Amino acid sequence: MGTYIPNTEKEQEKMLEAAGYKDFEDLFSCIPEGLIYKKELNLPEGKSEMQVLCEMEGLAEKNKVMRHVFRGAGAYNHYIPAIVKSVVSKEEFITAYTPYQAEISQGILQSIFEYQTDICELTGMDVANASVYDAGTAAAEAVNMCRDRKHSGCLVSEAVLPQVSGVIKTYCFAGDTPYQTIPLKDGVTDTEELEQLLSENSGTACVYIQNPNYFGLFEDVEKIAQITHEHGAKLVVGVNPISLGIVKTPGESGADIAVGDGQPLGLPLGFGGPYIGFMACRKELMRNLPGRIVGQTEDSEGQKAFVLTLQAREQHIRREKAGSNICSNEALCALTAGVYLAAVGADGLEKTALHCMSKAAYLKNALEKIGFSPVFDRPFFHEFVTECPADASLISAEMEQRGYLTGLPIDNNRLLWCATEKNTKDEIDGMITVLKEVLAK
Amino acid sequence: MKLIFEKGNEGRGLQLLPDLDVPEVEIAEGMKRSKKPALAKVSETEISRHYTELANRSYGVNNGFYPLGSCTMKYNPKVNDLAAGLKGLTDIHPLQSEETTQGSLAVIKELSDALCEINGMDAFTLQPAAGAHGEFTGLLLIKAYLHEKGETGRTKIIVPDSAHGTNPASASMCGFEVINVPSGSDGCVDTQALREAVGDDTAGLMLTNPNTVGLFDKNIKEITDIIHDAGGLCYYDGANLNAIMGICRPGDMGFDVIHVNLHKTFSTPHGGGGPGSGPVGCKEFLAPFLPGHVVEEKDSMYSLVRPSRSVGDVKVFHGNFLVAVRALSYILTLGKDGIKKTSQAAVLNANYMRVMLKDTFDMAYDETCMHEFVMDLSRMKEETGCSALDFAKGLLDYGIHPPTMYFPLIVHEALMAEPTETETRETLDEAVRIFSELAKKAKENPESLHAAPQGTPIGRPDEVAAARNPIVRFMAD
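Throughout, a residue's number is its position along its own chain's written sequence, starting from 1. Think of it this way: whatever chain is written first is A, whatever ligand is written first is 1, and the rest follow in order. For this predicted model, a pLDDT threshold of at least 70 governs which residues receive local features, and a threshold of 80 or more governs which side-chain atom pairs are given and counted, while totals over whole chains, interfaces and linings are taken from all residues. For side-chain calculations, the full set of non-hydrogen atoms in the structure is used, while hydrogens and water are omitted.

A. Region of interest: the packing of helix H6 (residues 106-123) of chain A against helix H13 (residues 331-369) of chain A. Residue and element names in this part refer to chain A. Axes, fitted as lines to C-alpha atoms, cover a helix only where it is in contact. Angles between the N-to-C directions of the axes lie from 0 to 180 degrees. Helical segments are the DSSP runs of H or I of at least four residues, strand segments are the runs of E of at least two, and each set is numbered from the N terminus. Contact pair H6 / H13: the axes reach a minimum separation of 9 Å and the direction vectors enclose 45°. The orientation of H6 relative to H13 falls into the category oblique. You can see that H6 and H13 cross each other, and the crossing is left-handed. Counted together, Ser111, Tyr115, Asp118 and Leu122 of H6 and Ala334, Leu335, Ala337, Gly338, Leu341 and Leu349 of H13 form the full contact between these two elements. Polar here means any residue other than Ala, Val, Leu, Ile, Met, Phe, Trp, Tyr, Cys and Pro, which are nonpolar, and Asp, Glu, Lys and Arg, which are charged; Gly is therefore polar. Among the residues making up the contact of H6 with H13, the classes are represented as 7 nonpolar, 2 polar and 1 charged. Any angle that is under 35 degrees is reported as roughly parallel, and any over 145 degrees as roughly antiparallel; angles of 65 to 115 degrees are reported as roughly perpendicular and all others as oblique. In this scheme the crossing of two helices becomes right-handed for a clockwise turn of the near helix relative to the far one and left-handed for an anticlockwise turn of less than a right angle. Between two residues, a contact is recorded if the distance between any of their heavy atoms is within 4.5 Å.

B. Examining the sheet that holds strand S7 (residues 204-211) of chain A more closely. Residue and element names in this part refer to chain A. At least two bridges found by DSSP between two strands are what make those strands a pair. Reading across from one edge, S2-S10-S9-S8-S7-S3-S4 is the order of the 7 strands in this open sheet, with mixed pairing throughout. The open sheet has two edge strands, strand S2 (127-128) and strand S4 (179-182), and neither has a second partner. Here strand S9 (residues 257-261) pairs with strand S10 (residues 277-281) via 5 bridges, running antiparallel. Along S10, the bridge assignment pairs Asp261 with Gly277. Relative to the sheet, helix H10 (residues 221-230) contacts S7 and strand S8 (234-239), its axis offset from that of S8 by approximately 155°.

C. Looking closely at the pattern of salt bridges. For this document, the term salt bridge refers to a Lys or Arg side-chain nitrogen within 4 Å of an Asp or Glu carboxyl oxygen. Across all of its chains, the model carries 45 salt bridges over all chains by this definition. In this structure, Asp429(B) engages Arg425(B) in a salt bridge whose closest nitrogen and oxygen atoms are separated by 3.7 Å. Of this pair, Asp429(B) and Arg425(B) are both found in helix H12 (residues 425-444), 4 residues apart, which corresponds to roughly one turn of the helix. Three or more residues joined by partner-sharing salt bridges are found here, namely Glu40(A), Glu45(A) and Lys336(B).

D. Structural detail: empty space enclosed by the protein. Definitions used for this entry: grid spacing 1 Å over protein atoms alone; cavity, a set of points where a 1.4 Å probe fits but cannot get out; pocket, an open set with protein on both sides within 12 Å along at least 5 of 7 lines; lining residue, one with an atom within 4 Å of a point. Grid points are joined across faces, edges and corners, and a volume is the space filled by probe spheres set on the points. This model, assessed by the stated rule, comprises 11 cavities of 30 Å³ or more. In this model, the largest cavity occupies a volume close to 300 Å³. Around the largest cavity sit 27 residues that line it, and Gly74(A), Tyr76(A), Gln210(A), Val239(A) and Asn240(A) are the ones nearest its centre. No other element matches the 3 residues that S9(A) contributes to the lining of the largest cavity. Classifying every residue of the lining of the largest cavity gives 16 nonpolar, 9 polar and 2 charged. Here the bounds of each domain stem from an automatic or database domain assignment. Domain assignment of the residues forming the lining of the largest cavity places at least three in each of domain 2 (68-79 + 345-440) and domain 3 (82-338) of chain A. Taken as a whole, the second largest cavity spans an internal volume of roughly 70 Å³. Pro160(B), Ser162(B), Ala163(B), Ser183(B), Gly187(B), Cys188(B), Val189(B), Leu207(B), Thr208(B), Asn211(B), Thr212(B) and Asp217(B) together form the lining of the second largest cavity. Taken together, the residues of the lining of the second largest cavity sort by class into 5 nonpolar, 6 polar and 1 charged.

E. Looking closely at a negative patch on the surface. Residue and element names in this part refer to chain A. Residues enter a patch when their relative accessible area is above 30% and they make no salt bridge; the linking distance is 9 Å between like charges and 5 Å between nonpolar side chains (Val, Leu, Ile, Met, Phe, Trp, Tyr). Computed by Shrake-Rupley with a 1.4 Å probe, the accessible areas treat only the displayed protein chains as cover when residues are assessed. We count Lys and Arg on the positive side and Asp and Glu on the negative side, and we leave His and both chain ends out. Charge placement uses NZ in Lys and CZ in Arg. For Asp and Glu, CG and CD serve respectively. Negative charge collects at one region of the surface, where Glu192, Glu193, Glu195, Glu200 and Glu230 lie side by side. Top contributing element to the negative patch by residue count: helix H9 (residues 191-200), with 4 residues. Relative to the helices and strands, Glu193 resides in helix H9.

F. Seen up close, the pairing of S7(A). All names here are of chain A. Among the 8 residues that make up S7, 8 are buried, leaving the element largely enclosed by the rest of the structure. Inspection of the sheet shows strand S3 (residues 153-157) paired to S7 by 4 bridges, in the parallel sense. Along S7, the bridge assignment pairs Gly153 with Thr204. Here S7 runs beside S8; their pairing, made up of 6 bridges, is parallel. Paired with Gln210 across the bridge in S8 is Gly238. In this fold, S7 hands off to H10, which returns the chain to S8; that crossover is right-handed. Per-residue accessibility, obtained with a 1.4 Å probe over protein chains only, is compared with the maximum for each type, and a residue is labelled buried under 20%, exposed over 50%, and partly exposed between these values. The crossover handedness rule: strands pointing away from the viewer, path from first strand over the helix to second strand clockwise, crossover right-handed.

G. Representation of the packing of helix H5 (residues 131-148) of chain B against helix H6 (residues 166-173) of chain B. Residues and elements named next belong to chain B. Contact geometry of H5 with H6 gives a least axis separation of 9 Å together with a crossing angle of 45°. Classified by the angle between their axes, H5 and H6 sit oblique to one another. Regarding H5 and H6, the two cross each other, and that crossing is right-handed. For the pair formed by H5 and H6, the contact residues are Ala132, Glu135, Phe136 and Leu139 on the first element and Thr166, Asn167, Ser170, Ala171 and Met173 on the second. Class assignment for the residues of the contact of H5 with H6 results in 5 nonpolar, 3 polar and 1 charged.

Here's what the structure looks like:
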């Protein structure tokens, strides 16, 4: 019923005639007869706009929006400033393709250049690309960046978001890259084990850690960087961009590449996507970066101009010799992150980070008082793990029915909690009360 | 125009958060960053005007005709955006329980099923985030399948020389060696060359169909038979699916695995380069290897199931979910009839434009095309000195986004045009008039094309300087 074809059937008939075809059958006669699909597709009839919206609303209603979110684990519930949605709704941004024609794409190119600058500032690195798909693919691409003729393997800390290490592992299977994990000690990467593993595997190209790590704890990035470099490998650190409002940058700590998910920078939870993988590195590694990079130059009149640059790295030029196959990225999400960072500014980002930390500390104390004892006693950002006085999944399910998304059950008796600037004191206190009721049942 | 960092002033900003209502925690001195990041220091007014100015310096489908070949720049329906903006879809955590995410799981299931039907496949994953990501995923299925069969000696992927660069790059990322086969003079796969290329080291073939010169490969069944007889698998690059929906199905042509681009065929916006979505479909024997989780339905309850021999995850959660929402909304609107009509109209618009232009321009292949056609401007360049690039830049001054330039590589001075089905006859007629006027200009006043564009925010940028001395971020003085 609904199509977006403007030309009427009559007009189409005239166009067919003008182009020298009897009808559509004639037009498609270049397809071998035996391949023509003679049946009707087994799909419903088309619907009007009103019916479609109604049906989509019906699907949305089958989901339950959690009023109170205390879960992170790779997807974070942050405040999104009103200006963000307004800016990223502009059709010129939404409906454009990759900015191949620089003369009419200066707006998008400049927004990416500004985003690249933001990411460099946050991470303390020299160069950033225009984005990849998410934290997992950013991590996997970073591992690929470190490979050379003599070094190929990667060592991945066990305190990395499991989905991220999962993606690294998948890419390693694809590229026949050796993959090993680094054990933990007290919830953080065990530096002695790391040293041992690096000594045993002289061909290690890189070490991958996350800071703050999967359990919310701060890693000793400087020490890990030092050990890694002593063994001729590179250090890739996965970071949470909000934490970088206050936490020492990967650049300051000696990392070679910083990656992460930009979702906390203005993107909704969206059942997991679209998010955005950011990648930044030291300038020595610039030509190993995958994907689009926007550079500044001048036009024929000497005006400042932005273009896609260093394209000799990319698949459309180098084909099978390219370091990565990436073509489409997450440009609109990069724009979103850029607007978010402009709206909060450095002070706002620091405030957000401090609020996250402070609310998480308050939540941790409150939980401890009702029997959720913390598993680790170390500095943490906005996530932490507690024991659970009852079955973790059961508690989580009971609380979800009451509109509370608790910490994520990471095994039968432990929960990974998260608090952000959006969680108020009253909300936390309220959650504790409901939690007590559930426990008493 | 100024960068956002060159605007505003110290102390400006927005009031977004209330004061802290719990005791403030301090970060240990050794863990604190030494100085604040140099982000923008602007008010909301300045942000709003800055991005309006940037939007005015950008060009999307809604600004005008965008016949960028191989990118299917069709109109992006608004109802899809409304659907993707519903709170019940945007505000859902990816790690909520199945009980509270039945709506999201239904979206995934319904879209996967529809894609199976349209493509003649048995299973789909929505995890890949883009076309290239889909290629990577599809090849991984082939790799995992061959490994499980113990056929580790099958290390080569055959790719026609007309393929998108992502095809060979994806094969490389999956650890395969790439064997390029030349195209015949008809622009299609040279089946003789293909027969010579296959062997017991063949893992598979990647083929774009309709191919990158816009032609449906007549020998497609023979091609997939050659690969299967040699023990390899067939991968269908669905970048050009917009030409054949409801007309014929890749699964019926002998393909084992396919990716489709929701941001091309299924009308989701490109966002200036992304986010896209590149779902991968396959035949039943490959389904156990799919990445991530697939949605299964039992007693009208949906659940997430990890395929038994899954290759793992290619992305962190369930793919670019909100893009999938838009695609489902689109498919619901079109329905079985509308889907077929869409492809018919896409092919009609392309052929109409091709026929109207063919007396003025050399067509790389002068025959019925599918959804796009390739012009060869070699003769124009020889006779007038105006290249495909000059011609493309000339179009910018007429408010038309140029066709894809210099691709596919097998055609010199190529301009590949894909009008899509959402353009009116008047738009096509006007574009034909402008193309023809420019051809005349190339003869009469070639200098004007060398100097184009004149009416755009900037003139031609110096790309060589950009690459030689890369400035890839702003630095305050």
